[in-house]
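Listed here are the chains, written in short residue letters.
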Amino acid sequence: MAYLIEMVLRFKKMNYFIICAYAPPNDEMEKRIIRKRIKERVLQVERKEKRVIILGDFNSETKEDLAEKRKTRKTCKVMGQLFEFLEDKGYTDLGKVQT
């Protein structure tokens, strides 16, 4: 079963919209539902000029992750599409940012 929790934090000068998601590793249908919902919410929230934070365990690896590990198995296309959508919107994967 997948989980999606949404929360809005309202401050005087800024609002934050937080999405926390879990997608099970072997359920492609649940991953599609989560991907669709996150995309819809991101588009809705951006129109209202809120900052968006997405947290979660998507049980997926990007093509870059797999290339680094030199594995031959395929990337989860469902979540890969979500990651590409978010990158196109200017989001940053903090798990990959080097400090």
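Scroll up a little and you will see the structure.
Notes on the structure follow.

Criteria and thresholds
Residues numbered from 1 in each chain as written. Predicted model: local features only at pLDDT ≥ 70, side-chain atom pairs only at ≥ 80, totals over all residues. Heavy atoms only, no water. Helix = DSSP H or I, 4+ residues; strand = E, 2+ residues; numbered from the N terminus. Buried < 20%, exposed > 50% of the residue type's maximum accessible area, 1.4 Å probe, protein only. Areas by Shrake-Rupley, 256 points an atom, 1.4 Å probe, with all protein chains shown as cover. Phe/Tyr/Trp six-rings, centres within 6.5 Å; stacked < 30°, edge-to-face > 60°. Lys NZ or Arg CZ within 6 Å of the ring centre and 35° of its normal. Salt bridge = Lys/Arg side-chain N within 4 Å of Asp/Glu carboxyl O.

### What to know about the overall build of the protein chain
Here comes step 1: When you go through the protein chain residue by residue, the secondary structure sums to three helices and three strands.
Here comes step 2: Put simply, the protein chain has 99 residues, and 29% of those count as buried.
Here comes step 3: Of the roughly 7500 Å² of accessible surface on the protein chain, 50% is carried by carbon and sulfur atoms.

### A closer look at the packing of aromatic side chains
Here comes step 1: In total, this model carries two aromatic pairs according to the counting rule given.
Here comes step 2: Both rings, one in Tyr3 and one in Tyr22, keep their centres 6.2 Å apart while their planes meet at 40 degrees; by these two values the pair is tilted. Residue Tyr3 is found in strand E1 (residues 3–10), and its partner Tyr22 is found in strand E2 (residues 15–22); the two are separated by 19 residues along the sequence.
Here comes step 3: Note on Tyr22: relative accessible area 29%, which makes it partly exposed.
Here comes step 4: On the numbers, 6.0 Å between centres and 80 degrees between planes, the contact of Phe11 with Tyr16 is edge-to-face.
Here comes step 5: Taking relative accessible area as the criterion, Tyr16 reaches 29% and is therefore assigned partly exposed.
Here comes step 6: The lysine or arginine in question, Lys39, covers the ring of Phe85, its NZ or CZ lying 5.1 Å from the ring centre.

### What about the pattern of salt bridges?
Pairing is possible between side chains of opposite charge, provided their charged atoms come close.
Here comes step 1: This structure, assessed with the given rule, holds three salt bridges.
Here comes step 2: Between Arg37 and Glu6 there is a salt bridge, with the nearest N and O atoms lying 3.5 Å from each other. Taken as a pair, Arg37 in helix H1 (residues 28–47) and Glu6 in strand E1 lie far apart in primary sequence, 31 residues in all.
Here comes step 3: The partly exposed category is assigned to Arg37, whose relative accessible area is 32%.

Everything listed is a geometric property; what it means functionally is a separate question.
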